[in-house]
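Chain and residue survey
Residues per chain, in single letters:
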Amino acid sequence: MSAIWVISDSKEVEVIFQSSGIPFSLYGPKDLAMLSGVRFPIDSFPLAFLDMAIEGWREWMRGMRHRVPVICFAPPDLGTAVEAMRLGAADVVDKGLTTERLRADVERHESRAKEREGAFDDIVGRSSVMKDVFSLIKRAAASESNVLITGESGTGKEPTARAIHRWSPRKDNSFMTLNCSAIPDTLLESELFGFEKGAFTGANYTKKGILEMAGGGTVFLDEIGDVSTLFQTKVLRVIQEGEIMRIGGARHTKVDVRIIAATNKDLKLACKRGAFREDLFYRLNVINIHLPALRRRMEDIPILTAHFIKKYAPKRKDIVISDITDEAMHILLNYNFPGNVRELENIIEHSISFAGYPEILPSDLPHALIQSGLKRRIATPKMKDAVASFEKELIWSALQEARGNISRAAATLGIYRQQLQRKIKQLKIAT
Ligand SMILES: Nc1ncnc2c1ncn2[C@@H]1O[C@H](COP(=O)(O)OP(=O)(O)OP(=O)(O)O)[C@@H](O)[C@H]1O
Ligand SMILES: [Mg+2]
């Protein structure tokens, strides 16, 4: 997170911010002139805290309110608090400023900002189906019921489970994951329930299982569709009785956990076939969150792509990759993503490692994808886009070779300087 702004001249306030661990930049009355200056760093801070005891707080408010959410604190009286709201404060904190209060406020505003730009927690999406998922996550978080998250592989079941936990009253306790796929029953049991010393050969110590360790928190049973019916019976027991017994143990222990399970299998069908216990299915599926396949929400692709570019761009130390060309986006938008978001993430990571230009070009995409894109392009040729993309690449490398010298780059390309300048503007090439 980039630093939040704090406008105050009180030492006490500075100390509170320091002890909160939140990165911040402190400004005082003498910095007010900067607000109208050209050097004002718009967008470089996500949130501002304005001390209403400071002289000129109204001017600060007017200067910042359209650019960033402003939280006003320490109003001298109710009238001034109301005035701050009228002036556009996102919030007025009238009680004392404490580090806890501060952290909670910053967290709340961060997640609100994310929601505005098309994300919930770590989950990015702005399609209406994903908005429905976000509101389901919030409702699931507020309840104590078990949740079953379903969806094809790579649709984001794990971040969904984490978001439910983080938004639930259990958020300050552990979130523990048990990946049930490809693990033999005996190991699953010892992971989940723990064991007593001497329970079996090699049990040289007593170990708590994750159901005990997650006390007061959430246990995420990933790939629950892969477990044996015997193990299902044991999970059902935990849910029904709310207690466990360590392997080799002699007594039951009460556990307080909330279960979130996930699967990419059709559990109803598995129930019909007798491969999954119906009673367990209903116990887990109290709330169902189904994550739609990416091909059913193609409008999320641009925002997801931007998210992954931001995530992987720092891996390149030699070049700053900040965008994707329309041409390359066109190819993504015509692909059907059998591997869903995970596949898109891999594609972007791959492209970033191959890119030689600040924007991802079609030629940076994995080969198979370009092929599928080409086939489609023959059917609907977009000559203009293709030419523009080619020109961009050409001009970019000429500029790089000429170290940004436009006259020299123009000479290499065999065109006039003015012509090149026009192209640079037209194609929005960063120089
Ligand atoms: N909406 C999203 N926004 C951001 N990242 C996402 C989103 N959906 C998925 N991802 C990312 O894609 C990757 C795959 O997601 P995840 O591991 O949750 O898949 P899954 O649904 O559990 O699939 P599987 O059934 O194969 O385990 C992860 O890195 C995850 O963070
Ligand atoms: Mg998974």
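First things first, this report covers the structure right here in the doc. Treat the numbers as computed from the prediction; the structure is a model and nothing was measured.

1. Some details on the site of ligand 1
Around ligand 1, the surrounding shell holds 19 residues, and the nearest of these are V124, S153, G154, K157 and E345. Separating an oxygen atom of ligand 1 from a side-chain N or O atom of S153 is a distance of 2.4 Å. Taking E223, its side chain carries an N or O atom lying 3.1 Å from an oxygen atom of ligand 1. Coverage of ligand 1 by the protein amounts to 85% of the 640 Å² it exposes when considered alone. Broken down by secondary-structure element, the contributors of at least two residues to the shell around ligand 1 are β7 (123-124), α6 (157-166), α12 (301-312) and α14 (340-354). Shared between two domains, the shell around ligand 1 holds at least three residues of each, these being domain 2 (120-292) and domain 3 (297-426).

2. A closer look at unusual backbone geometry
Its identity is not glycine, yet A74 carries a phi of approximately 55°, on the positive side. Note that A74 resides in the loop between β4 (70-73) and α3 (78-86). On the basis of relative accessibility, which here comes to 38%, the residue A74 falls in the partly exposed class. The phi torsion at E223 lies on the positive side, around 60°, for a residue other than glycine. One can find E223 in the loop between β12 (218-222) and α9 (229-241).

What counts and how
- Residues numbered from 1 in each chain as written.
- Chains lettered and ligands numbered in written order.
- Predicted model: local features only at pLDDT ≥ 70, side-chain atom pairs only at ≥ 80, totals over all residues.
- Heavy atoms only, no water.
- Near = heavy atom within 4 Å.
- Polar contact = N/O pair within 3.5 Å; in protein donor to acceptor, adjacent residues only side chain to side chain.
- Areas by Shrake-Rupley, 256 points an atom, 1.4 Å probe, with all protein chains shown as cover.
- Helix = DSSP H or I, 4+ residues; strand = E, 2+ residues; numbered from the N terminus.
- Domains from an automatic or database assignment.
- Buried < 20%, exposed > 50% of the residue type's maximum accessible area, 1.4 Å probe, protein only.

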